[in-house]
Every structure is written in structure tokens, then in C-alpha cells.
Amino acid sequence: MVKLIKNIKELIQVREPNISKISGKELKILPTIKNAFLVIKDDVILDYGAMHELKEIETDEVIDATGKLVLPTWCDSHTHIVFAGNREQEFVDRINGLSYEDIANRGGGILNSAKKLQDISEDELYEQSITRVKDVMQLGTGAIEIKSGYGLTTEAELKMLRVAKRIKEAFPVEVKTTFLGAHALPKAYKDNKTAYIDKVIDEMLPLVAKEELAEYIDVFCERGYFSLEDTERIMKAGQQYGIIPKIHVNQFNAFGGVALGVTYNALSVDHLEELNQEDIEALKSSNTMPVALPSCSYFLSIPYTPARQIIDAGLPIALATDYNPGSTPSGNMNFVVSTACIKMKMTPEEAINAATINGAYAMGIENTHGSITKGKKANLIITKEVPSYNYLPYAFGSNHIDAVYIKGEKI
Ligand code: NIG
Ligand code: FE
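Every value quoted in this text rests on a predicted model; they were computed, and no experiment measured them. (Residues numbered from 1 in each chain as written. Chains lettered and ligands numbered in written order. Predicted model: local features only at pLDDT ≥ 70, side-chain atom pairs only at ≥ 80, totals over all residues. Heavy atoms only, no water.)

1. Considering the overall build of the protein
For the record, the criterion: The helix and strand labels rest on DSSP assignments: H or I over at least four residues marks a helix, E over at least two residues marks a strand, and numbering proceeds from the N terminus. Only C-alpha atoms enter the radius of gyration, while the globule expectation follows 2.2 Å times N to the 0.38, with N the number of residues. The classification of residues rests on relative accessible area computed with a 1.4 Å probe and restricted to protein chains. Under 20% of the type maximum is buried, over 50% is exposed, and intermediate values are partly exposed. Two residues qualify as a contact provided that any one of their heavy atoms is within 4.5 Å of a heavy atom in the partner residue. Charged residues are defined here as Lys and Arg on the positive side and Asp and Glu on the negative side; His and the ends of the chain fall outside this count. Think of each charge as sitting on NZ of Lys, CZ of Arg, CG of Asp or CD of Glu.
Within the protein, the secondary structure is distributed over 15 helices and 16 strands. For a compact globule of 411 residues, the expected C-alpha radius of gyration is about 22 Å, and the protein comes in at 21 Å, within 12% of that figure. The C-alpha extent of the protein, read off along each of the three principal axes, is 70 × 45 × 45 Å. Counting over 411 residues, the protein shows a buried share of 58%. Of the contacts made within the protein by residues no fewer than 6 positions apart, 74% connect residues no fewer than 24 positions apart. Averaging the locations of the 44 positively and 55 negatively charged side chains of the protein gives two centres separated by 1 Å.

Printed below as a string of C-alpha cells:
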């Protein structure tokens, strides 16, 4: 099946040869071709170029993109999209003055979501989750990472990861899965955290590995959740199975999680709302991608990740949603890109690079996703008629997407 998209006003994020990630000053550069064409063959990008270079080709379908932009679909490298129910009551409680911490301390928060998830069947969890997956695909997301962590029992953690695996098999969106058994301490282990970590390591992880349910391992490394020592034990255990870390660090407190992640070759360190100079230094000598989650900062009214400090230190940065029922009930990458520009002072070029190729890197798919590169997956957003790519983050809150193609198929 050959599809030709012609008369593209501007083809965005063209990388030939491919690039694995973009850092520092380079982030300000977003290569494009004006008045372009692009050819899709089955599920990949076969060719592209300027319209005047287009040769006679046989096609099954021609799409006219006059006045429209084409860019790679978003790569959302951090989500908890598999969850049960919602937490809108906690949202109201926070409006009325309780903090995220207060809510967690009285047994709400992650434990509230875990209870809901433990109580429903795998099929029901799948049904609830695919509603959100379909929604984010329409919003231009072509790849997502999905974490467990709302199970907190062996059975429920496996249930979550099996649902994620079913999503991977049933939908064209690229899915990478992460085992986050250490997301919160279940009530039953309130006075015995070590026993819960033992369970994560000795009972859950071997089963996750045996069923090949997770590519990555995560820990919520945070005061009141899991310490540096806990995080290290879990990352070490993951290493035994060849599962590399992608960890939650520095959401509320900076106490060395970034450097620890780097020591264990973490693919990414995510959140970083609190960041100090030692964290920056640790990242400088690493291949670890810092990931910012601006929708989480927006929703919880906590600081935004200091993107300028990260970029000005010559580092790369990726943007993701953190889609989850507690801190970010939104999987909209368009909003993430806008918010990064508006609140984190990232330029549109930086934000688009961070949400495409750097997002792909943060989930280990930079060779197949995240840019317009021959042979990569034909994962494309065709916008409505817009003046320029700057308009996408500028006119925030409106839907600028006309069509989404994932693996060459229109969604
Ligand atoms: O990434 N920070 C930890 N985990 C999620 C939120 C958890 C929740 O409140 O349900 C996050 O923000
Ligand atoms: Fe998260």
C-alpha cells in the first residue's frame, strides 16, 4: 500500500541520517522542508522531499496537505495510562485546601487507585484503559510507555502489565512497558517496608521477567515513598534480569536520586521539578535522558522542571505527559508542548524536539520513531491549516490536528 502526501506546507523534524537524541543548543534547531511531499509504503516512511523533486510514482492513495504541516507523532515516554476509575474527589479536596501529601497520608492517592484496580477484572481494566489509549492516539501520540504501580500486589501488578501487553498487541501505537512495583507502600506493609521491597524483588520481578511483561523498571524515589537505598536495591535486582531503570526522582525533593539513576545507567530520570547543581553535573557525564512532565506541575501547582537550566548546561531533555489519575489526568501531548513553551520557556523548536526524538530516546525507540527519517515508522500528524509550527503551542487549548497516521494507517 503506497500513500502520497503532497503539497505539505512544511514537513517538520526531518532528520537524515537519523539522530538518537538532541542536546543543548542543538535543541533550538528543527529541520524542515517547505512545500514538501512524503511517501508512505505500508507502515514506513519510504521517501520525502521538496515538491519539485517528486517523481512519477504509482500510489494507492493521494492526500493533499495544502496549507497543512506534517510532523512525527508525539512519543510519550512516561505514562500510567492503565488505571482504574478516577480520583476526582481528591481533586476537589485539593481545591478545598488539602495537599497532595495530606491526601496520601490519609490513605488516598496511589493507595486509593490501587484499591480500585485490585477490585476490577483484567477485562474491565483493559476496557477502561483503551478508551484513554484511543483518545491519546487521536491527539497525535504514536508511542507510549506504560507503567504498572497501581497494583501493589503481585496479582494486580501482573494484571496491569498484562493489560499493557494486550494494548501493545491490539493497537498500532508503539508501547513500552515498565514495572513500577515500588510506587507506594501498601497499607499492610506500613511498618515493614523492607518486606514489601523483598516481595517486589523476590516475588513480583521474577514473574514479570518470566512473562516478559516489562522492558524497564521504575521506583518512586521520594521522601515518604522509597529511599535511595530502596531504589538502589530495586535497580540492582532489575539488572540481574537485564531490565534497565527509568525512575521517578526529584518530584518534591532533591536528595541524590538523579546521580544514583545515572550510576545504574538509567535510560531516563523523570519529574525533576526540584533540581540542583549536583543533579546537573551527574547528568553531564551520562547517557540518561532527563524527562520533564509539565502537565503534572500544572495540575498539582508545583514548580516546573527548570528546562532552561538543563538545556543551558548542554543536556538533552524530553517531554512526556505522566498521564495518571492522581497528578496528571491528561494524556494530551499538545498541551504538554504548549505548557513547556509557556511555563518552562522552551522555544517551539526545543519543545517539539523534546516531545518527538528525545521522547523516543527516553523509551528506547529512537531508531524507529520520533523523526521524519526514511525507513522509520510512518507515524505522522497532519495539522489543520495553520500559519506556522509556532502556532501549535501558541494557540493552546485548541485542536490543531486534522489527521493522525500510525504505522501508515489513518487513526
Ligand atoms: O508520576 N509520582 C508518582 N507517581 C505519579 C502519580 C501518582 C498518583 O498520584 O497516582 C506521578 O506523578
Ligand atoms: Fe509518573
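2. Observations concerning the packing of aromatic side chains
A ring pair, where both rings are aromatic, is described by two values, the distance of the centres and the angle of the planes. Convention followed: Stacked, edge-to-face and tilted are the three classes for Phe, Tyr and Trp ring pairs, Trp counted by its six-membered ring, which pair at centre distances within 6.5 Å; planes under 30 degrees apart are stacked, over 60 edge-to-face, the rest tilted. Ring-over charges, as used throughout, are those where CZ of Arg or NZ of Lys falls within 6 Å of the ring centre and within 35 degrees of the ring normal.
Tallying each qualifying case throughout the model produces 7 aromatic pairs. The interplanar angle of 70 degrees and the centroid separation of 5.0 Å between the aromatic rings of Y298 and F335 together place this pair among those described as edge-to-face. Here F335 lies in helix α12 (residues 333–344) and Y298 lies in helix α10 (residues 294–300), a separation of 37 residues in the sequence. Its end group placed over the ring of F83, R132 keeps NZ or CZ at 3.5 Å from the ring centre. A cation sits over an aromatic face here: K374 above Y48, 5.4 Å from the ring centre.

3. Regarding the coordination of the iron ion (ligand 2)
Rule in force here: Note on donors: an N, O or S atom is included if it sits within 2.8 Å of the metal, or within 3.2 Å for Na, K and Ca, and water is never included, so sites can look incomplete.
With distances of 2.1 to 2.2 Å, the protein atoms coordinating the iron ion (ligand 2) are H78 (NE2), H80 (NE2), H248 (NE2) and D322 (OD). Here H248 falls in the buried class, since its relative accessible area comes to 3%.

4. With respect to the environment of I244
With respect to the helices and strands, the residue I244 is situated in strand β10 (residues 244–249). Along the chain, I244 and E157 lie 87 residues apart, while their C-alpha atoms are 18 Å from each other. Setting aside residues up to four positions removed in sequence, I244 forms contacts with E215, Y216, I217, N265 and L267.

5. Section: the pairing of strand β11 (residues 268–271)
Condition: Strands were regarded as paired on the criterion that DSSP finds at least two bridges between them. By convention a crossover is right-handed if, when the strands point away from the viewer, the path from the first strand over the helix to the second runs clockwise.
With 4 bridges connecting them, β10 and β11 associate as parallel partners. The residue bridging H248 from the neighbouring strand is D270, located in β11. Handedness of the β10-helix α8 (residues 257–263)-β11 crossover: right-handed. In this sheet, strand β12 (residues 289–292) lies alongside β11 in parallel orientation, the contact comprising 3 bridges. In the sheet register, V269 faces β12, and the bridge partner there is P290. A crossover connection joins β11 to the parallel β12 through helix α9 (residues 277–284); in handedness this β-α-β unit is right-handed.

6. Focus: the domain arrangement of the protein
Stated formally: Domain delimitation in this document rests on an assignment produced automatically or drawn from a domain database. Buried area is understood as the total, over both parts, of accessible area removed when two parts are fitted together, assessed with a 1.4 Å probe.
Here the protein is partitioned into domain 1 (2–73 + 371–410) and domain 2 (75–361). Taking the mean C-alpha position of each, domain 1 and domain 2 sit 29 Å from one another. In this complex, domain 1 contributes 30 residues to the contact, which on the side of domain 2 involves 33 residues. Buried area between domain 1 and domain 2, both sides added, is near 2500 Å², and the carbon and sulfur share of it is 63%.

7. Considerations on a nonpolar patch on the surface
The condition that has to hold: What makes a patch is a set of residues exposed beyond 30% relative accessible area and free of salt bridges, joined within 9 Å when like-charged and within 5 Å when nonpolar (Val, Leu, Ile, Met, Phe, Trp, Tyr). Per-residue and other accessible areas were derived by the Shrake-Rupley procedure at a 1.4 Å probe size, with only the shown protein chains allowed to occlude residues. Any carboxyl oxygen of Asp or Glu that lies within 4 Å of a side-chain nitrogen of Lys or Arg is treated as forming a salt bridge with it.
A contiguous nonpolar surface patch, about 260 Å² in accessible area, is contributed by F91, V92 and I95. Within the secondary structure, F91 is located in helix α1 (residues 88–95). Of the residues examined, F91 reaches a relative accessible area of 37% and is grouped as partly exposed.

8. Quick word on the site of ligand 1
Convention followed: Any residue with at least one heavy atom within 4 Å of a molecule or strand is counted as near it. Any pair of nitrogen or oxygen atoms within 3.5 Å is treated as a polar contact; in protein, a donor-acceptor pairing is required on top of that, and neighbouring residues in sequence qualify only through side-chain atoms on both sides. Residues are grouped as follows: Ala, Val, Leu, Ile, Met, Phe, Trp, Tyr, Cys and Pro are nonpolar; Asp, Glu, Lys and Arg are charged; every other residue, Gly included, is polar.
Neighbouring ligand 1 are 15 residues, the closest being Y100, Y150, H183, Q251 and S327. Between H80 and ligand 1, the recorded distance is 3.4 Å, taken from a side-chain N or O atom to an oxygen atom. Taking H271, its side chain carries an N or O atom lying 2.9 Å from an oxygen atom of ligand 1. Protein contacts shield 100% of the accessible area of ligand 1, which totals 330 Å² for the unbound molecule. Class assignment of the residues belonging to the shell around ligand 1 gives a composition of 4 nonpolar, 9 polar and 2 charged.

9. Regarding the environment of A362
Within the secondary structure layout, A362 lies in the loop between α14 (357–361) and β14 (380–385). Ignoring anything within four residues of it in the chain, the contact list for A362 reads S77, K246, L267, S268, M289, V291 and A318.

10. Description of the state of the cysteines
Heads up, the condition is: Whenever a pair of cysteine sulfur atoms sits within 2.5 Å, that pair is classed as a disulfide.
Within the structure shown, the criterion is met by 0 disulfides. In this model C75 remains outside any disulfide bridge; the closest cysteine sulfur is found in C341, 17 Å from its own. Classification of C75 as buried rests on a relative accessible area of 1%.

11. Some remarks on the sheet that holds strand β6 (residues 74–76)
Operational definition: In this analysis an axis means a line fitted to C-alpha atoms, helices contributing only their contacting stretch, and an angle means the value between N-to-C directions, from 0 to 180 degrees.
With parallel pairing, 8 strands are arranged side by side in an open sheet as β6-β7-β8-β9-β10-β11-β12-β13. Looking at which strands have only one partner, the edges of the open sheet turn out to be β6 and β13 (318–319). Sheet analysis places strand β9 (residues 216–221) next to β10, joined by 4 bridges and oriented parallel. Residue pairing for β10: C221 is matched across the bridge by V249. Its contacts with the sheet put helix α5 (residues 154–170) on β7 (141–147) and β8 (174–182), and the angle it makes with β8 is roughly 175 degrees. Each of β8, β9 and β10 is contacted by helix α7 (residues 228–240), which is oriented at about 175 degrees to β9, the strand it contacts most.

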